[in-house]
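In case you want the letters, here they are:
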Amino acid sequence: MKHPPRLLEALLAASAPAHRRDAMLGDLAEEWTARVERGDGRLATSWWYGRQVVLSVAPNLRDRWRSRGGSRRYTPEGEGWMRMWLQDLGYALRATRRNPGFALAAIVTLSLGIGANTLVFSAVDGIVLNPFDFPQPDRLVGVGTAFPRAGVSLSFVEHMSPAEYQDIARESRTLTHVVAWDMGNRQIATDEVAENLFTGFWWGNAFPTLGVEPHMGRGFSDEEIANGERVLVVSHSVWQTTFGEDPALVGKTLAVNGNPYTVVGVMPPGTSLYGMDLWMPMAVGPEVFPRERRQFQILARVAEGSSLAEVNAELEGLARRTEQEYGREHEEYVGWSMEAQTWNAINTGLLSGIAWIVTLAAAFLLLMVCTNVASLVLARLSGRQQELAVRRALGAGGGRLSSLLLTESMLLALLGGLAGIALANAGVDALSRILATLALPIPGGVEVNARVLTYNVGVSLAAGLLLGLLPAWSAGRTGVQTALRGDTPSATASRGRLRTQRVFVGVQVALAVVLLTAGGLLVRSGLSIQRMDLGYQPENLLTMRLTLPWEEYQGEAIAGFFQSLDEEIESIPGVVSASATTQLPPRVFSWVAWGMPGATDGADAQLPGSYLTQSLEDYFDTMAMTLRQGRLFDSSDEFGGPVVAVVNEVFADRYFPGGEPIGQTIRLGGMGGEGPDMRIVGVVSASRNRGPERPAQPEVFVSAVQGSGTNNQLFLAIRTDGDPRAVLPAIRERVRLLDSDQPVYAIATMEETMARSMAARSAATRALVIFAVFALILAAVGIYGVVAYSVGARTREIGLRVALGADGGSVRSLMIRQALLPVAAGLALGVAGAVGASQVLRVFLVGIGPQDPATFGGVSGLLLVVALSAAWLPARRAAGLDPVEALRGE
């Protein structure tokens, strides 16, 4: 947070005298900055700022009230409501001190529910709502494309061609500052070490597009961008870690892939695009690339006076003009579309669904907490009937009593909210560590900031209102004579309270069913994924990446280097096999359209397409994939010779159903494409190449030897007979022996990669399971409380039943049956709600249906067992009552 909380700033600006407003705001902002830079912490500084605003606002509001109201300030009408509220607040504080056990139980319970909601919202705020620190985020957009004829849905990642970028930049009137960029890796050499850094290559000036200025130095000039000059800007994190915050870095020359580049700037902290560490102009212009070369992304700003809807309408018109002009030459343009979305929406789309599900689960949990505390409040209220009756007898109306009870509930909720903030703040570090494992493409983090504090206050007030409504309504209906007639609640009052508690139990059970079912479905889905046949074996598999500089390696020298490296690695003790490939599951990304030479098809037919992977011949053995037909790559597949391909089973079944794929020839780029002809020589088992949550997609494998020179960065896959990381030092040594300037990076075991790809799902599952367990405990407590109260309220009745011959078993059965009535009603209502909730979860379920019988049956059975257990103890006590003492008792 680079400025004080805007809500507090606005409050101060609205209330401060005009002649002092600017000075007060400036002084407080200056002190705010000094405290943050001194390391006081944003939360502590926010509290300090809030206190200063209150101290400044209160006298100003008092002066305005006096100046506008004159003598009205001294009349009961003018000041009565404030005096009444202060009296209620004082009484509520005294009541809290007189009943510390009740207050502590209520506050602790509320703090858990409010704290969980606050912590969840802090994550949603930092990761989904405000993940990027770019100004006017609603006007920063990316442009994506969809190609229905090629079976490619809307995508915003590496999906635009340079020609399409030029069309948008040249013709759009609703977008400004249109830029395009590609991602890659470049090596920088310092005195200590050579390091590969994630690099962005830009057409256009990204700084006005993002709305940022460099922390040091400057951005790129128009001339540098147009000429592709060797200048670069480094990220703030690289400036800190690699260059030790060297203030003289700007102007220095760095060796990037062996070429001299001048550092012209350092990015500001928090500015991140997919972890980009180096920013540099594209070395060549967009005109040198063919129209079908789609590997770029587009960013732009919505022009002033234009809306996102107008942008998309303009892009639709541009797509249709492109189709008319190039549709015959590039068949994928038939029916294609372009769409703009905000940068936030593009990067949080996959997370927002999970985030809102967890938020809704936390809200359900808070409802359960409120019903539980409301039962405590009603129980305490039954013991205050005489007090309330005396107040009414002395002239207090129903509204006055309702105000008193509502104030007490609000005080409990706000105290619970304060404790909830402390719990949420304590959980931020743990949640941040969990989120750090997700490898999210956004820089957002988790913190208790002003927005989170505002949310906490809102949730606390809502909880207080929920807690206070029923007691306030009940107090308004209390009869003076009825309450003063005796010192125990009447039978009618007891029955009324029992009915209310049973309603609460039914609500708690219904909410618990929904939470337990949601958590159970995700757990069952996770177990299904663990048992799933992925088409390859992730165990004992180490992966890493290595990028060879174009300046040193060309053509078949690239494949030659990786072949030699594979041989060296396979000689390491403990290594079973090794290979190199352009992409690995669960994140394959290179999709191509293809066709059969000479084939013709209808104008509306879908173009075939598949993922394209270049790999060395040992790749299939290393991944433990099975040959189904034909052969794999071998030494006869030479550089410059006839190109061969191996396809997976999904490819063969989809495009050659009932036929023979072996010997067929395909051409990359579609029927009119210019790619090489490839003869299919083998079919291998299908792997879930886009992750275990998605079905396997068609994939074509081409020999990296025959494709050498088209890709300079490959993944290494190494299978071992033990701990994969144990061989890492030896691998580094083998790489150093072949080329000491080439470091490996992106090192991870395949199991770690799989865990990262599933981390968002796993975190959501853990959160829902924790909420569900807490909900189950609350439901059990509620059931126990209903039966215990029923036993206490019906002591004489139970004693009479026993005196007339009822045995202990029949009394126990009676109490349990009556306890199970609200449970059954809540169970029925909860199952109906869970059916609806399961439809929301459908997109996250793998291997099971949304109405999975095992989950629904298991949840229902578990709740019945818990209900019986919770009802058993008080029912057993009822069965053991002495009838004489019961009939003699109060």
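Note that the coordinates shown come from a computational prediction; the quantities given were computed from them, not determined experimentally. (Residues numbered from 1 in each chain as written. Predicted model: local features only at pLDDT ≥ 70, side-chain atom pairs only at ≥ 80, totals over all residues. Heavy atoms only, no water.)

Draft legend 1. The pattern of salt bridges, seen in detail. Inspection of every chain in the model, using the stated rule, returns 19 salt bridges. Where arginine 631 meets aspartate 637, a salt bridge forms, and the shortest distance between an N and an O atom there is 3.1 Å. Residue class for aspartate 637 comes out buried when judged on its relative accessible area of 6%. One salt bridge in this structure joins arginine 761 and glutamate 693, with 2.8 Å as the shortest N-O distance. Within this pair, whereas arginine 761 is found in helix 22 (residues 759–793), its partner glutamate 693 is found in the loop between strand 19 (677–684) and strand 20 (699–703), the two being separated by 68 residues in sequence. On the accessibility criterion, glutamate 693 (36% relative accessible area) is partly exposed. Members of the salt-bridge network, linked through shared partners, are Glu164, Arg294 and Glu332. (Salt bridge = Lys/Arg side-chain N within 4 Å of Asp/Glu carboxyl O. Buried < 20%, exposed > 50% of the residue type's maximum accessible area, 1.4 Å probe, protein only. Helix = DSSP H or I, 4+ residues; strand = E, 2+ residues; numbered from the N terminus.)

Draft legend 2. Inspection of the packing of aromatic side chains at higher detail. One pass over the full model with this rule turns up 24 aromatic pairs. Both rings, one in phenylalanine 132 and one in tryptophan 343, keep their centres 6.1 Å apart while their planes meet at 45°; by these two values the pair is tilted. Note that phenylalanine 132 is positioned in the loop between helix 5 (100–129) and strand 1 (140–147) and tryptophan 343 in helix 11 (residues 343–382), a separation of 211 residues in sequence. When its relative accessible area of 2% is taken as the criterion, tryptophan 343 is described as buried. Both rings, one in tryptophan 203 and one in phenylalanine 296, keep their centres 4.9 Å apart while their planes meet at 35°; by these two values the pair is tilted. Of this pair, tryptophan 203 sits in strand 4 (residues 194–203) while phenylalanine 296 is found in the loop between strand 9 (278–281) and strand 10 (297–302), placing the two residues 93 residues apart along the sequence. Like phenylalanine 296, tryptophan 203 is buried. Among the aromatic residues, those joined into a ring-pair cluster are Phe132, Phe134, Trp181, Trp202, Tyr274, Trp279 and Trp343. The aromatic ring of tyrosine 326 is capped on one face by arginine 291, whose charged end is 3.9 Å from the ring centroid. (Phe/Tyr/Trp six-rings, centres within 6.5 Å; stacked < 30°, edge-to-face > 60°. Lys NZ or Arg CZ within 6 Å of the ring centre and 35° of its normal.)

Draft legend 3. Spotlight on the pairing of strand 19. The buried fraction of strand 19 is high, at six of eight residues. Across three bridges, strand 16 (residues 627–630) lies against strand 19 in antiparallel orientation. Its bridge partner lying in strand 19, glutamine 629 is registered against valine 683. The pairing of strand 17 (residues 644–648) with strand 19 spans five bridges and is classified as parallel. Considered in strand 19, the bridge of alanine 645 is made with isoleucine 680. Of the strand pairs in this sheet, strand 18 (residues 665–668) and strand 19 are connected by three bridges, and their pairing is antiparallel. Bridge pairing in strand 19 links arginine 667 to aspartate 677. (Pairing = 2+ DSSP bridges.)

Draft legend 4. Region of the structure containing helix 17 (residues 556–570). Relative to the 21 Å expected for 15 residues at 1.5 Å per residue, helix 17 spans 21 Å between its end C-alpha atoms, a close match to the ideal helical length. When we look at burial in helix 17, the residues that qualify are Ile558, Ala559, Phe561, Phe562, Leu565, Asp566 and Ile569. Down the axis of helix 17, the smallest arc covering the buried residues is 155°, so these residues share one side. Exposed and facing more than 90 degrees away from the buried side of helix 17 are Glu556 and Glu567. Where the residues of helix 17 are buried, they touch strand 12 (541–547), strand 13 (575–581), strand 21 (713–720) and helix 20 (728–738). (Expected span 1.5 Å × (residues − 1). Arc of directions from axis to C-beta. Contact = heavy atoms within 4.5 Å.)

Draft legend 5. Representation of the environment of phenylalanine 243 in the model. Note that phenylalanine 243 resides in the loop between helix 9 (236–241) and strand 7 (253–256). The sequence separation of phenylalanine 243 and threonine 190 amounts to 53 residues, and the corresponding C-alpha distance is 9.0 Å. Sequence-distant contacts of phenylalanine 243, that is, excluding residues within four places in its chain, are made with Ile188, Thr190, Val238, Leu249 and Leu254.

Draft legend 6. Inspection of the nonpolar core at higher detail. One finds Val509, Phe771, Ile783 and Leu863 to be the most contacted residues of the largest nonpolar core, which totals 85 residues. When residues of this core are assigned to their parent elements, the largest contribution, 16 residues, is made by helix 11. Those residues in contact with valine 509, other than ones at most four positions away along the chain, are Ile783, Val823, Gly826, Leu827 and Leu863. One finds Ala150, Val152, Tyr261 and Trp336 within the second-largest nonpolar core, a separate group that totals 43 residues. (Core = buried A, V, L, I, M, F, W, Y, C linked by side-chain atoms within 4.5 Å.)

Draft legend 7. Seen up close, the side chain of threonine 118. Turning to its location among the elements, threonine 118 is positioned in helix 5. Under the relative-accessibility criterion, threonine 118 is labelled buried at 1%. A distance of 2.9 Å separates polar atoms of two side chains, one belonging to threonine 118 and the other to asparagine 456. (Polar contact = N/O pair within 3.5 Å; in protein donor to acceptor, adjacent residues only side chain to side chain.)

Draft legend 8. Just the side chain of aspartate 125, in detail. Within the secondary structure, aspartate 125 is located in helix 5. Setting aside its immediate chain neighbours within four residues, aspartate 125 contacts Asn130, Pro131, Asn449, Arg451 and Val452.

Draft legend 9. Region of interest: the packing of helix 17 against helix 20. Running from N to C, helix 17 and helix 20 cross one another at 140°; their axes reach a closest spacing of 10 Å. Looking at the two axes, helix 17 sits oblique to helix 20. In this structure, helix 17 crosses over helix 20, and the sense of that crossing is right-handed. Residues Phe561, Ser564, Leu565, Glu568 and Ile569 of helix 17 form the contact with helix 20, whose participating residues are Ile731, Arg734, Val735 and Leu738. (Axes fitted to C-alpha atoms, helices over the stretch in contact; angles between N-to-C directions. Parallel < 35°, antiparallel > 145°, perpendicular 65-115°, else oblique. Left-handed = near helix turned anticlockwise from the far one by under 90°.)

Taken by themselves, the reported measurements are silent on function.
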